[in-house]
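What follows is the residue order along each chain.
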Amino acid sequence: MASMTCKGFRAGGVAAGIKKNGNLDLGLLVSDRPARVAAVFTTNRVQAAPVLLDRERVKSGTARAIIANAGNANCANGPQGMQAAVATTAAVAKAQSIPDDQVLAASTGVIGVPFPTEKAVAAIPDLVAGLEEDGIDFLARAIMTTDTRPKAGAREVRVDGKSCRIVAVVKGAGMIRPDMATMLCFACTDAEISGQDLQAALKRAVDISFNRITIDGDTSTNDTAVLMANGASGVFIQSEDALTAFQQQLDDLFMDLARQMVADGEGVTKVVDLTVRGARSHDDAWRMVDTIAHSPLVKTAFFGEDANWGRIIAAAGRAGVDLDPDRLDLYFDDVQMVEGGTGCGVAAEEKATAVLKKAAFAVVLDLNLGDGMASMLTCDFSLDYVKINADYRS
């Protein structure tokens with residue numbers, strides 16, 4: 001595995017007793033110097049206290065640390081929720097001898113349960129003492145909820161013979177749909193880059209990765225993606241070539257992490273690359289692919305390994321965009337299921353069923369009307385998804 005270290009950053013995680021199972025539940029990422037910061041947050045109108053706090057603090061353009069917990073969303077807790085977020089970040093600031101407003105917060109877990117501030121604050125000295133340059137894996141584990149495995153990645157950017165790195169962790173297995181990204185993502189780079197360019201790079205990378213995935217169609221109250229750049233490598237991302245190289249690696253990293261999230265989704269057994277092409281516009285294609293990707297009937301057919309193509313074209317027909325039913329072509333990988341709006345017969349269905357038995361495959365719907373195209377990464381709905389979420393709080 002590629003090294004997960006990034007110059008000037010340390011990370012770690014501890015068990016603070018926030019989770020009932022005693023697993024790691026409090027993580028920290030710290031820069032040894034002021035870092036430029038960019039962030040995007042949930043578009044849900046119900047927003048957790050850490051999101052509200054971070055929205056204000058990132059306006060300064062710099063940050064030194066992110067404290068994150070799992071097991072409690074710290075959402076819908078009234079004034080106590082904000083007090084908890086402020087107190088937790090203040091404890092980190094004190095332990096690191098940095099200003100309070102240079103510490104960001106993030107939470108994930110159950111909504112509406114009072115945040116155990118005392119447990120978090122009490123664990124922070126040990127958390128800070130255990131920070132390591134290669135501690136990203138501990139951070140990734142500390143933010144897991146229903147995730148079954150930690151998710152992290154790293155990329156190297158080459159600029160004028162020098163190199164800098166980007167390292168990121170994500171969590172998210174349920175309550176996932178494209179509305180920023182229903183998840184937590186903490187990324188850091190040792191490159192030197194302007195705040196404006198950093199924000200633009202983060203937004204683009206999120207838009208083409210985390211904003212193009214869905215597991216269950218629900219949007220979290222806690223979505224947070226943060227990217228910090230501390231310049232410790234001495235590499236400047238300033239020229240057009242450097243910005244392009246940086247963006248390519250950030251995009252690639254986030255798309256890899258997005259795929260890891262869908263593959264580890266709650267109860268997921270199938271990962272599906274879904275594409276609508278041949279629409280009159282890209283917007284039409286996006287609206288249609290979004291409708292198909294979220295259809296419970298389509299997703300349950302994927303789980304049942306049933307080549308029920310009628311569900312896909314029915315979902316397409318209710319997307320509210322222009323189509324001609326007699327021009328539709330549908331493919332499962334390289335197997336054509338529908339041509340000119342008509343099924344291709346039993347032999348094609350048998351081949352498509354074989355495709356559906358794979359853990360990952362592609363579905364392409366061609367409207368044959370124009371050049372519009374859009375893609376999403378979706379998945380199946382399984383019995384385990386219902387079991388996981390039916391008694392999530394208990």
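The rules behind these values
- Residues numbered from 1 in each chain as written.
- Predicted model: local features only at pLDDT ≥ 70, side-chain atom pairs only at ≥ 80, totals over all residues.
- Heavy atoms only, no water.
- Core = buried A, V, L, I, M, F, W, Y, C linked by side-chain atoms within 4.5 Å.
- Buried < 20%, exposed > 50% of the residue type's maximum accessible area, 1.4 Å probe, protein only.
- Helix = DSSP H or I, 4+ residues; strand = E, 2+ residues; numbered from the N terminus.
- Contact = heavy atoms within 4.5 Å.
- Pairing = 2+ DSSP bridges.
- Polar contact = N/O pair within 3.5 Å; in protein donor to acceptor, adjacent residues only side chain to side chain.
- Disulfide = S-S within 2.5 Å.
- Phe/Tyr/Trp six-rings, centres within 6.5 Å; stacked < 30°, edge-to-face > 60°.
- Lys NZ or Arg CZ within 6 Å of the ring centre and 35° of its normal.

Asker: Can you break down the nonpolar core residue by residue, with the values?
Answerer: With 40 residues, the main nonpolar core has Phe 210, Ile 237, Phe 246, Leu 250 and Phe 254 as its most contacted residues. Mapped by element, the contributors of at least two residues to this core are strand 2 (26–41), strand 5 (151–159), strand 6 (162–171), strand 7 (184–189), helix 5 (195–208), strand 9 (224–229), helix 6 (240–263) and strand 16 (372–379). Sort the elements by how many residues they give to this core and helix 6 lands first, with ten residues. The contacts of Phe 246, once residues within four sequence positions are left out, are Val 157, Ile 166, Thr 189, Ala 191, Ile 193, Ala 201 and Ile 237. Listed in part, the 34 residues of the second largest apolar core include Ala 307, Leu 365, Leu 367 and Met 376.

Asker: How would you summarise the pairing of strand 11 (residues 271–279) if you had to cite specific residues and measurements?
Answerer: For strand 11, the buried fraction is high: seven of the nine residues fall into the buried class. When strand 11 meets strand 15 (residues 360–366), the two strands line up parallel, connected through seven bridges. In the sheet register, Arg 277 faces strand 15, and the bridge partner there is Asp 366. Two strands pair when backbone bridges link them, and strand 11 and strand 16 are joined in this way by eight bridges, in the antiparallel orientation. Of the residues in strand 16, the one forming a bridge with Ala 279 is Gly 372.

Asker: Give me the lowdown on the environment of Glu 349, citing residues and values where you can.
Answerer: Within the secondary structure, Glu 349 is located in helix 10 (residues 346–356). Residue class for Glu 349 comes out partly exposed when judged on its relative accessible area of 34%. If we ignore the near neighbours within four places in the chain, the residues touching Glu 349 are Ala 307, Trp 309 and Met 337. At 3.5 Å, the side chain of Glu 349 forms a polar contact with the side chain of Trp 309.

Asker: Report on the state of the cysteines, specifying residues and quantitative values.
Answerer: As enumerated under the stated definition, the model contains zero disulfides in all. Lacking any disulfide linkage, Cys 188 is separated from the closest cysteine sulfur, that of Cys 6, by 4.1 Å.

Asker: Could you give me a rundown of the packing of aromatic side chains, with the residues and numbers involved?
Answerer: Under the definition given, this model contains two aromatic pairs. When the centroid spacing of 5.6 Å and the interplanar angle of 75° are considered together, the rings of Phe 302 and Phe 361 count as edge-to-face. Separated by 59 residues along the polypeptide, Phe 302 in helix 8 (residues 296–303) and Phe 361 in strand 15 bring together distant segments of the chain. The burial state of Phe 302 is the same as that of Phe 361; both residues are buried. Between the NZ or CZ atom of Arg 212 and the centre of the ring of Trp 286, over which it lies, the distance is 4.0 Å. The cationic tip of Lys 299 hangs over the ring face of Phe 381; the distance from NZ or CZ to the ring centre is 4.9 Å.

Asker: How would you summarise the environment of Gln 83 if you had to cite specific residues and measurements?
Answerer: On the secondary structure map, Gln 83 appears in helix 2 (residues 78–96). With relative accessibility at 52%, the residue Gln 83 sits in the exposed group. Taking C-alpha positions, Gln 83 is 38 Å from Asp 252, a pair spaced 169 residues apart along the chain.

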